[in-house]
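# Per-entry structural report
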Amino acid sequence: MQMIKKAFGFCSVIFGVLLLTFLLIHLVPGDPVEVMLGESVSVADRVQLRADLGLDRPLIQQFGTYLANLAQGDFGQSIHTKTPIVELIKTRYPATLKLAFLSLIIGLGIGIPLGIYAALKAGHWQDIVVAIVSVRLSAMPAFWLGPVLMLIFAVWLGWLPVSGMENNSAIILPALTLGLGLSAILTRMTRTSLLEVLNDDYIRTARAKGLTESRVILRHALRAALLPIITIVGLQMGSLLAGTVITETIFSWDGIGRLLVESIEKRDYPVTQACVLVVALSYVLVNLLTDVLYQLADPRVKFAS
Amino acid sequence: MKKFALIILGFWLFSVAAGRLLELNPTAIDLNAILSAPNAHFLLGTDDLGRSIVARLLRGVEVSFMVAITVTCVTMAIGVLVGLVAGFYGGRVDQILMQVTDVFLAFPGILLAIAFAAVLGPGLGNLILALCLTGWVSYARLTRGQTLSLRNRQHVQAAESLGAGVTRLIFRHILPLLLSILVVEATYSLASVMIAEASLSFLGLGIQAPNASWGAMLRDAVRYMLVAPHYVLIVGVSLMSLILAINLGGDALRDILDVKTDD
């Protein structure tokens, strides 16, 4: 029963996301065709575009066509270059995924060990230093952290390329920009949830059994402490995905975030629509995955009972 | 830490007032002093058009606060109303309203605000509109959850059995108990709206030239990072100090008002 309810909720969210992205183009003040093409374009071209986008038909019918086209993997085409949008997304999306994935690894790789360390040193100066650094880091939005990293590692030290994608090492700075912010949040979260668990009876039991400290922490405490961390990672993937828009713009990383910004600058709204849709759907899927992972990590949670 | 937050906030308040009193001009162009480093005449140097960075920073923080306060007030009013209605009535109404918030929450971070700002077009008014359209959801969620549990409190049920109407129950018996948690939430949201405003302006979607905005300044600063690294550092440090101070202020308020938050 619960499973069906979940599935229903999931489908209605997807439907809502589709509806909202579809409506975006209708939020354009005035005539979207005029806004997109500018005033210097002939009447025939405008009529053509209006018909291409289906804007001359009733709203319900437009939405129906939109859904039917999407179902066939047809996102329409760019109004300027006439390239099918699917092609644009196919070339750009992998770059964003690569960036997001590496950022996640950096975030987890720094955040969890540092959080464990802070929890073990709770109250000592090491804990305080970690706290201060992570609070500062989480107050640094990508459009400030990015330039600072660029200034230090690319301009002053010259170790890494300033921007672009030609070089393999070019991914490091944008991934650090996104990953460091994530690691700051994960550090604090890991510390808190580990501290909560460390006072539990079963940890005392584990210690009393004579287990080594590392085994107590890694096998007993961390397993329980991981649950809230999974949720946080799932939620943070959202800001990671949204953060790619800004980070990709700063570092000229040709992902879907930069495609979004470029399409906005060119007023190529069908492309904007498609980018927003793809990012939102990715986020919904990540959340679904988080739910499933949570279930796997916590045997107490069973949806289908 | 609280003192630190107060000092930073006081500093910005004082500087803005001083800037107004001294009639610093954020749009005065001096083409003989483009991207100059901090000096006696220009305290923090100049930008790519020779405009004083100090003057632009101060005007920028004013605009930023104006946007943050407007957006916070509007989104809180809408969100709280939606949350109260959903939590109070429950059932069908709650289901539908929460479905709507679920859809809004399916768009990560500021993506939806970017999308709205993109189609609405650039400018201060549209920027505020885009942030309002997306910002109410968190208040609705928070209020709804609290209202659900307050709805069954004894004092609410007592008032109901004494014949109090719906509006009286909601506004006299439930809303006052939510105020402290909402004040704390509003403080944090000031900071996040400021970041969102700066992000949108950074992407060129917000406040337009020649008006000063920290996001737009950062965008220019990044462009001229190689020749004038002080520019990007000054704007960035300013922004970070303010965000940090507001968040610390939120922490302090939370302690003072004794609000328990789960997250």
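Rules and cut-offs
Residues numbered from 1 in each chain as written. Chains lettered and ligands numbered in written order. Predicted model: local features only at pLDDT ≥ 70, side-chain atom pairs only at ≥ 80, totals over all residues. Heavy atoms only, no water. Helix = DSSP H or I, 4+ residues; strand = E, 2+ residues; numbered from the N terminus. Buried < 20%, exposed > 50% of the residue type's maximum accessible area, 1.4 Å probe, protein only. Contact = heavy atoms within 4.5 Å. Lys, Arg positive; Asp, Glu negative; His and termini not counted. Charge placed at Lys NZ, Arg CZ, Asp CG, Glu CD. Disulfide = S-S within 2.5 Å. Phe/Tyr/Trp six-rings, centres within 6.5 Å; stacked < 30°, edge-to-face > 60°. Core = buried A, V, L, I, M, F, W, Y, C linked by side-chain atoms within 4.5 Å. Salt bridge = Lys/Arg side-chain N within 4 Å of Asp/Glu carboxyl O.

With that out of the way, let us pick up the overall build of chain B. A tally of helices and strands in chain B yields nine helices and zero strands. Ordering the α and β elements of chain B from the N terminus gives α-α-α-α-α-α-α-α-α. Across the 263 residues of chain B, 51% fall into the buried class. For chain B, the proportion of contacts with a sequence separation of at least 24, taken over those separated by at least 6, is 70%.

This part covers the overall build of chain A. The helix and strand inventory of chain A stands at 12 helices and zero strands. Counting from the amino terminus, chain A carries its helices and strands in the arrangement α-α-α-α-α-α-α-α-α-α-α-α. Its C-alpha atoms put chain A at 85 × 60 × 30 Å along the principal axes. Per-residue burial over chain A gives 46% buried out of 305 residues. Partitioning the intrachain contacts of chain A with sequence separation of at least 6 by distance along the chain shows that 70% fall at a separation of at least 24. When the 24 positive and 21 negative side-chain charges of chain A are each reduced to one mean point, those points stand 12 Å apart.

What follows concerns the state of the cysteines. Residues and elements named next belong to chain B. In the structure shown here, the tally under the stated rule is zero disulfides over all chains. You can see Cys 73 has no disulfide; the closest cysteine sulfur is in Cys 132, sitting 9.5 Å from it. Its relative accessible area of 46% is what places Cys 73 among the partly exposed residues. Here Cys 132 falls in the buried class, since its relative accessible area comes to 10%.

The next subject is the packing of aromatic side chains. Residues and elements named next belong to chain A. Applying the stated criterion to the full structure yields 10 aromatic pairs over all chains. Residues Phe 22 and Phe 63 carry aromatic rings whose centres are separated by 4.9 Å and whose planes lie at 45° to one another, so their mutual orientation is tilted. Note that Phe 22 is positioned in helix α1 (residues 2-24) and Phe 63 in helix α4 (residues 59-71), a separation of 41 residues in sequence. For the pair Phe 22 and Phe 63, a shared accessibility class is recorded, and that class is buried. Aromatic side chains Phe 22 and Tyr 66 sit 5.4 Å apart centroid to centroid with 45° between the ring planes, which places their arrangement in the tilted category. Residue Phe 22 is located in helix α1, and its partner Tyr 66 is located in helix α4; the two are separated by 44 residues in the primary sequence. Residue classification places Phe 22 among the buried residues on the basis of a relative accessible area of 5%. Linked through ring pairs, Phe 15, Phe 22, Phe 63 and Tyr 66 together constitute an aromatic cluster.

Attention shifts here to the nonpolar core. Counting residues in hydrophobic clusters, the biggest one holds 122 residues, and the most contacted among them are Phe 107 and Leu 131 of chain B. In terms of residue count, the dominant contributor to this core is helix α9 (residues 229-257) of chain B (12 residues). Non-local contacts of Phe 107 of chain B, meaning those with residues more than four positions away in its chain, are made with Val 17, Leu 20, Thr 21, Val 276, Ala 280 and Tyr 283 of chain A together with Leu 112 of chain B. Grouped together as the second largest cluster of nonpolar side chains are 29 residues, Ala 95, Leu 198, Leu 222 and Val 233 of chain A included.

What follows is about unusual backbone geometry. Of note, the phi angle at Lys 82 of chain A is positive, near 65°, even though the residue is not glycine. Taking relative accessible area as the criterion, Lys 82 of chain A reaches 42% and is therefore assigned partly exposed.

Here the focus is the pattern of salt bridges. The full count for this structure, using the stated rule, is 12 salt bridges over all chains. The closest approach of N and O atoms between Arg 207 of chain A and Glu 213 of chain A, which form a salt bridge, is 2.8 Å. A residue is classified by how much of its surface remains accessible, and Glu 213 of chain A, at 40% relative accessible area, is partly exposed. In this structure, Arg 151 of chain B engages Glu 160 of chain B in a salt bridge whose closest nitrogen and oxygen atoms are separated by 3.3 Å. The structure contains a network of salt bridges with shared partners spanning Arg 92, Asp 254, Arg 258 and Glu 262 of chain A.

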